[in-house]
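A structural walkthrough
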Amino acid sequence: MTVTALPQVPQTDAAALRVLILDHLRSSLGKDPEHATPYDWRMALSFSIRDLIVQPWFEATRRSYAEKRKRVYYLSMEFLIGRMLDDAVINLGLREACVEALAGVGPDFASLVEDEPDAALGNGGLGRLAACFMDSMATIGCPAYGYGIRYEHGLFRQRFEGGRQVETPEDWLIRRDPWMFERPEAVQTICFRGHVEERGKTVTWHPDETVLAEANDMPVVGWQARWANTLRLWQARPTDLFDLARFNAGDHTAASEPEALARTLSRVLYPNDGTQAGKELRLKQEYFLTSASVQDILRRFRGQEGDVRKLHGMVAIQMNDTHPAIAGPELIRILVDTDGVDFDEACEIALKVLGYTNHTLLPEALERWSSWLMGAVLPRHMQIIERIDDWHRRRNPTRPASVKLIDEGQVLMGPLAFATSHRVNGVAALHTDLMRQTVFHDLGKLHPERIVNQTNGITPRRWLKLANPALSTLITDTIGTGWERDLDRLEALESHVGDAGFLGDFAAAKRANKARLSDWIAKTTGTVVNPDAMFDVQVKRLHEYKRQLLNILETIAFWHELREDPTRAVVPRVKIFGGKSAPGYFTAKLIIRLINDAAKVINADPVTKDWLQIVYPPNYNVSMAERLIPAADLSEQISTAGTEASGTGNMKFSLNGALTIGTLDGANVEIREKVGPENFFLFGLTVDEVERTRATFGHEKAAIGASQRLRDVLQMLAEGRFSPDEPGRYHQLTDILWNHDHYLVTSDFESYYATQRKIDTAFADQSDWHRMAALNTARMGYFSSDRTILGYMADVWDVTPAI
């Protein structure tokens, strides 16, 4: 197949861009410059940038059709894309032009970037990975669609009251989104409940409920606009908008019920599933995404190729975790019930098309639905899942009895995704090995060729070029351009690490980032921090296995020892936390409150406040990460060994010149190999040691008994040192640590504490610290998401780059 580059976007200078902006201000916003608000200017600028993206987007789409290129369809419940304006401007190479175009006529460019809300389309690493993948597929020229949900309120907006997490709705769509194109013609009907009628070989599903999935398209442009793909987000609408008869009868609220019930499907990411209604909503939401996407994929395919038996030659569907695992049954349903394909053949077609990315080793995170709920909500799919189980058993006569897709009245979505996918990938070398040994041990033995590894990566365009202009400018001045597309070129920095001038500039870039973050922290939280202190950062979703609890316990222990001996030589340290807990996760929310309670006491302590501070800015999101990560000196990657699939925050910190304190977990293992063990602060138990310790009765008490420091901290918690108004507030946490410490906080505590003191010593030698930090940056080329996507294209999707 001939590969040709797209026509380049016409060079747009500042004067031409200013004309575009002013034109949109008048024609799209109905304002003149004298009366335009910052919102008006941002929208006018965004529309102007979108105009420039449309050309490569249209051309890439035309070429995909004309050359009959195989497309990747990436199904994900999350796309944590952050702000789009600066990202698009960076990829188009127009940042300087934007600054100049606005000078003298409107607000400055930076203020307009700040005015844009983060798109509330995700929560954590899963969604950020999907966003990085979309950027890399566009940069490489991998023809692709991303499919997700256009959540009205996202996960939630986090604030703190009395140290407690309080959830309120995100309001990112309260004003118009300039990046989305509504596609009212691309509507899919989604069915729920009802009954299945069988007449001979004909099977008909008669649903009781239907909603419409309406498409909203966002163009995703790659580096230098050489290719562009589409992120299609579905929003739910009622089949019948309004019941006029009920309204005229006086039942005004009930008249709007169809709209309210439909919109519920796309209102909130991950609704609390602690109730039966919550479970049903979660299942419906996942099917809503998957059915709309699979129907859309088949519609597009049929427009090019009529024979569904050739589907795998044009379509690769990737399921990002188990949320879209119903894709297999849905695809088979349509092939059998609509296209008349024999059931076994439909299963084989699906097998060639589907791929599944596993993101967890935690059994409770591998989704499972009760057969009763599945049968009630999706009765036809329950039948199909039972038949898939039978097909898989017949196809694999040596299948052990332990391999089941349905077990004890529950549909197991992980095994279902595995059974219907031709490739199942882990996201780090260690994770993939453990996946073979644990959650998919028997399935992996039955299908050894299916499990492959694709270590995660991050896009350097956003996470270095955009987020860290000071460091990216230094890199370009030192080794030239091109690293943005080929991150391996960072290796050329190594020859400069011995240069005092380069290290001085590297340190200055870090110091400038820390000064900016210090100003933002003061403005946001009211806490004044010292930019010359060590910035020690842990930002990630709150979960016990990620061990924010270990971090705050060590912080309290360190504070206690500082109080005991305030004359000891230490380096000042600012502990920075960020992240949200799921609304129904009581233990994680209690840990958040402990961090905030400890901060209140420690930050007010006149003895230690110059040496130790804690800050926890609320509502961690992509934009906050872009502030924190470039300013970090130390990256906390301290999950229990064997629990984190990969992580991508660890990569972002190292790329931006932070040193890591971490366990041998997830991608930490590969990062340590690449940057060098001497430039990584390792602590804690290994995977094998974790398993042996867990199997030892009373390991918690033994670890606590061996650590006076830890006993002192637990005593302070038990006595209410940080909660004098409620002394028993943290009894649940102390009980977990004494009796149910599954994630081995107590066993790793002393190793973690000792390693932190080694870090104090290392940070005191600033010259050597910056040398190690620069080597981290120089050796992170492997962790580009461009490399990851090329791996998927070769090993999973069988797709070649179009450019």
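Figured I'd write up the structure that's included with this text. Small disclaimer: the values here were computed from a predicted structure and weren't measured.

Definitions and limits used
Residues numbered from 1 in each chain as written. Predicted model: local features only at pLDDT ≥ 70, side-chain atom pairs only at ≥ 80, totals over all residues. Heavy atoms only, no water. Buried < 20%, exposed > 50% of the residue type's maximum accessible area, 1.4 Å probe, protein only. Helix = DSSP H or I, 4+ residues; strand = E, 2+ residues; numbered from the N terminus. Pairing = 2+ DSSP bridges. Core = buried A, V, L, I, M, F, W, Y, C linked by side-chain atoms within 4.5 Å. Contact = heavy atoms within 4.5 Å. Axes fitted to C-alpha atoms, helices over the stretch in contact; angles between N-to-C directions. Parallel < 35°, antiparallel > 145°, perpendicular 65-115°, else oblique. Left-handed = near helix turned anticlockwise from the far one by under 90°. Phe/Tyr/Trp six-rings, centres within 6.5 Å; stacked < 30°, edge-to-face > 60°. Lys NZ or Arg CZ within 6 Å of the ring centre and 35° of its normal. Polar contact = N/O pair within 3.5 Å; in protein donor to acceptor, adjacent residues only side chain to side chain. Expected span 1.5 Å × (residues − 1).

A short note on the pairing of strand E11 (residues 354-357)
- Residues Leu354 and Tyr356 of E11 are buried on one face, and the alternating residues Gly355 and Thr357, pointing to the opposite face, are buried as well.
- Relative to E11, strand E10 (residues 315-320) runs parallel, the two sharing four bridges. Across the sheet, Gln318 pairs through a bridge with Gly355, a residue of E11.
- Where E11 lies against strand E15 (residues 423-426), three bridges are found, and the strand directions are parallel. Within the sheet, the bridge partner assigned to Tyr356 lies in E15 and is Val424.

A few points about the nonpolar core
- Among the nonpolar cores identified, the biggest contains 155 residues, and Ile49, Met137, Met374 and Trp797 are the most heavily contacted of them.
- Broken down by element, this core gets its largest block of residues, eleven residues, from helix H2 (residues 38-66).
- Once residues within four sequence positions are removed from consideration, Met374 is found in contact with Leu283, Ile326, Trp369, Pro379, Met382, Ile385, Val411 and Met413.

Observations concerning the packing of helix H20 (residues 500-525) against helix H23 (residues 622-631)
- Closest axis-to-axis distance for the H20/H23 pair is 8 Å, and the angle between their directions is 135 degrees. When the interaxial angle is binned, H20 and H23 end up oblique. Remark: the crossing between H20 and H23 carries left-handed chirality. Contact with H20, carried on its side by Lys510, Asn513, Lys514, Leu517 and Trp520, involves Met624, Arg627, Leu628, Ile629, Pro630 and Ala631 of H23 and no other residues of that element.

A few points about the packing of aromatic side chains
- For the structure on display, the rule yields 22 aromatic pairs.
- Plain terms: the ring middles of Phe502 and Phe506 are 6.2 Å apart, the flat faces sit at 45 degrees to each other, and that makes the pair tilted. On the criterion of helical spacing, the pair formed by Phe502 and Phe506 is a turn pair, its members being four residues apart in helix H20.
- Taking the relative accessible area as the measure of exposure, Phe506 reaches 3% and is therefore buried.
- Ring centres of Phe683 and Tyr752 lie 5.0 Å apart, and the angle between their planes is 45 degrees; on these two criteria the pair is classed as tilted. Of this pair, Phe683 sits in the loop between strand E22 (681-682) and helix H26 (687-694) while Tyr752 sits in helix H30 (residues 745-764), and the two are 69 residues apart along the sequence.
- Judged by relative accessible area, which is 2%, Phe683 ranks as buried.
- For Tyr752, a relative accessible area of 0% gives the class buried.
- Aromatic ring contacts, followed pair by pair, group Tyr74, Phe79, Phe133, Tyr792 and Trp797 into a single cluster.
- Its end group placed over the ring of Phe535, Lys514 keeps NZ or CZ at 4.9 Å from the ring centre.

What about the sheet that holds strand E13 (residues 406-407)?
- In spatial order, the strands read E12-E14-E13; together these three strands make up an open sheet with antiparallel pairing. Each end of this open sheet is capped by a strand with a single partner; those strands are strand E12 (368-370) and E13.
- Taken together, the three bridges between E12 and strand E14 (residues 410-412) define a ladder with antiparallel strand orientation. When the sheet's bridge partners are listed, Arg368 is paired in E14 with Leu412.

Here's the deal with the side chain of Glu330
- Here Glu330 is to be found in helix H11 (residues 327-337).
- Given a relative accessible area of 0%, Glu330 falls into the buried group.
- Within the local environment of Glu330, its side chain forms a polar contact with the side chain of Ser291, the two groups lying 2.8 Å apart.

Here's the deal with the sheet that holds strand E17 (residues 534-539)
- Taking strand neighbours across the sheet as the criterion, the six strands line up as E19-E18-E17-E20-E21-E22 in an open arrangement whose pairing is parallel. Edge positions in the open sheet fall to strand E19 (612-615) and E22, since each of these has one partner strand only.
- Pairing geometry for E17 and strand E20 (residues 634-637), over two bridges, is parallel. Bridge pairing in E20 places Asp536 opposite Leu634.
- Seen against the sheet, helix H22 (residues 586-603) touches strand E18 (573-578) and E19 and runs at an angle of roughly 145 degrees to E19.

Observations concerning the side chain of Asp760
- Structurally, Asp760 is set in helix H30.
- If we skip the residues at most four places from it in the chain, Asp760 touches Met534, Phe558, Val571 and Arg573.

Focus: helix H21 (residues 548-564)
- Here H21 spans 25 Å end to end across 17 residues, near enough to the 24 Å set by a 1.5 Å rise per residue.
- Across the 17 residues that make up H21, a large majority, 14, are buried.

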